[in-house]
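# Geometric and topological summary
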Amino acid sequence: RFDVIAPFERMDVAICVMFIEFSGRVPEECVCAADKDTTATGIERHLEVDIKHGVRHHGRSYNTTLEQEALIEKLTRDDDWLYSRTMELFETNLKDLEEEYGVEIC
């Protein structure tokens, strides 16, 4: 059992969620304010710019078998399902904490 499950692209908020879960208090840095800049964080900017991780795409030059394609499709479906469940769980936990502490966490 994990106390906090979070997707990588929400890591800035996840760090706040983990801190709150384990300490029982909300740091000022985690509370959204009208004047707080909530645009892309360093992590999000990194994802937008370097999504390929510096690796040259080989998809067009690599031939796969039908069996490999079927396995890739299944893995992709499973991964999409797991990611969706992770996002749902994270958003639910975030909402619960926000209601419990009466703040908007960002």
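Preceding block: the structure.
Below: a short report on this structure. (Residues numbered from 1 in each chain as written. Predicted model: local features only at pLDDT ≥ 70, side-chain atom pairs only at ≥ 80, totals over all residues. Heavy atoms only, no water.)

### Quick notes on the overall build of the protein
Of the regular secondary structure elements, the protein holds three helices and zero strands. When its helices and strands are written in sequence order, the protein yields α-α-α. Across the protein, every contact between residues at least 6 apart in sequence was considered, and the portion connecting residues at least 24 apart equals 72%. Per element, the accessible surface of the protein, about 8,500 Å² overall, is 56% carbon and sulfur. (Helix = DSSP H or I, 4+ residues; strand = E, 2+ residues; numbered from the N terminus. Contact = heavy atoms within 4.5 Å. Areas by Shrake-Rupley, 256 points an atom, 1.4 Å probe, with all protein chains shown as cover.)

### What about the nonpolar core?
If you look at the biggest cluster of nonpolar residues, it comprises 11 residues: Val-4, Val-13, Ala-14, Cys-16, Val-17, Ile-20, Cys-30, Phe-90, Leu-94, Leu-97 and Ile-105. Of the residues forming this core, the biggest block, five residues, is contributed by helix α1 (residues 11-23). (Core = buried A, V, L, I, M, F, W, Y, C linked by side-chain atoms within 4.5 Å. Buried < 20%, exposed > 50% of the residue type's maximum accessible area, 1.4 Å probe, protein only.)

### A few points about the state of the cysteines
Considering all chains together, one arrives at two disulfides under this definition. The cystine pairing of the protein, numbering bonded cysteines in sequence order, is 1-2, 3-4. (Disulfide = S-S within 2.5 Å.)

### Looking at the packing of α1 against helix α3 (residues 66-101)
At a minimum axis separation of 11 Å, α1 and α3 run at an interaxial angle of 55 degrees. In this view, α1 runs oblique relative to α3, as classed from their interaxial angle. Of the two elements, α1 crosses α3, and the hand of that crossing is left-handed. Contact with α1, carried on its side by Val-13, Ala-14, Val-17, Ile-20 and Glu-21, involves Phe-90, Leu-94, Leu-97 and Tyr-101 of α3 and no other residues of that element. (Axes fitted to C-alpha atoms, helices over the stretch in contact; angles between N-to-C directions. Parallel < 35°, antiparallel > 145°, perpendicular 65-115°, else oblique. Left-handed = near helix turned anticlockwise from the far one by under 90°.)

### A short note on α3
Between its first and last C-alpha, α3 extends 52 Å over 36 residues, near the 52 Å set by a 1.5 Å rise per residue. Of all the positions in α3, only Thr-86, Phe-90, Leu-94 and Leu-97 are classed as buried. As for α3, its buried residues are in contact with α1. A positive backbone phi angle near 65 degrees is found at Gly-102, which sits one or two residues after α3. (Expected span 1.5 Å × (residues − 1).)

### Side note on the pattern of salt bridges
Evaluation of the coordinates by the stated rule reveals four salt bridges. For Arg-10, the salt bridge identified is with Glu-91, shortest N-O distance 2.3 Å. With Arg-10 in the segment before α1 and Glu-91 in helix α3, this residue pair connects regions lying 81 residues apart in the sequence. We note a salt bridge from Glu-88 to Arg-85, for which the minimum N-O separation is 3.0 Å. One end of the pair, Glu-88, and the other, Arg-85, are both in helix α3, three residues apart, so they sit about a helical turn from each other. Classification of Glu-88 by relative accessible area gives partly exposed; the value is 45%. With a relative accessible area of 31%, Arg-85 lands in the partly exposed category. (Salt bridge = Lys/Arg side-chain N within 4 Å of Asp/Glu carboxyl O.)

Limitation: the analysis is restricted to geometry and does not speak to function.
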